[in-house]
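Coordinates in review
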Amino acid sequence: SSDITAVESSQIPSSSLYSSSFLITVSFNCFTSMGSEQFTYNLFVKMASEDENCHEIAKEARLMEREVGVYMKMMPRLKMILNIEADANLLPLSDVIYGAYQGSGDGILVAMDLYREHFSPLNLSDQLSLSSLITIVETLAKFHATSAAFLKRTAYKEFEREYPQISGSFYDSNGVFN
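Below is a short write-up of the structure. Small disclaimer: the values here were computed from a predicted structure and weren't measured.

This part covers the packing of aromatic side chains. Within this structure, the stated rule accounts for two aromatic pairs. For the ring pair Phe28 and Tyr41, a centre distance of 5.7 Å and an interplane angle of 10° mean the geometry is stacked. Of this pair, Phe28 sits in strand β2 (residues 19-32) while Tyr41 sits in strand β3 (residues 35-48), and the two are 13 residues apart along the sequence. Classification of Tyr41 by relative accessible area gives partly exposed; the value is 37%. Taken together, the ring pairs in this structure connect Phe28, Phe39 and Tyr41 into an aromatic cluster.

Right, dumping it as structure tokens:
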């Protein structure tokens, strides 16, 4: 049995119009083989935008569907095929523990909190520092190289069949250009 003892949440200021992000801390008591223990988990939660216009654009572009598909389906398989678990620095991603979406455009991703692993959100209100820019480009390069290796080992037709929510261009929607 377990008892939740505390839940704290705070919205993360974001530059994204198409989603809302929150940090949630959950403390609970749980009976384990060691007896009653207290645990605290820090979670990152990303949901569809609460703004009606941005929600419609995100729905048309299938943003939550695509993001849930990437984190819940493609990333675990990519890590397994390329044996990335052995080297977490190869592709630094948070552990996503839940993800779901609906045709209405609503969706949610719940991940372990990356702030605790020394990640921080990008503040786009300031000019990017050179070191931030280098880190961003290096991380994107790792992601693209890893994706290319994954696609090389997976036939493209198989990829499209297995991950239909990812195929198609983000830009194939009217709302992106409005």
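There's more to say after this.
What follows deals with the pairing of β3. Two elements, β2 and β3, share 14 bridges in a ladder whose sense is antiparallel. In the sheet register, Thr32 faces β3, and the bridge partner there is Gly35. Once β2 ends, the chain turns through two residues before running back antiparallel as β3. Examined bridge by bridge, β3 and strand β5 (residues 107-112) share five bridges and lie antiparallel to one another. The residue bridging Met47 from the neighbouring strand is Ile108, located in β5.

About the cut-offs
Residues numbered from 1 in each chain as written. Predicted model: local features only at pLDDT ≥ 70, side-chain atom pairs only at ≥ 80, totals over all residues. Heavy atoms only, no water. Phe/Tyr/Trp six-rings, centres within 6.5 Å; stacked < 30°, edge-to-face > 60°. Helix = DSSP H or I, 4+ residues; strand = E, 2+ residues; numbered from the N terminus. Buried < 20%, exposed > 50% of the residue type's maximum accessible area, 1.4 Å probe, protein only. Pairing = 2+ DSSP bridges.

Just geometry here; none of it tells us what the structure is for.
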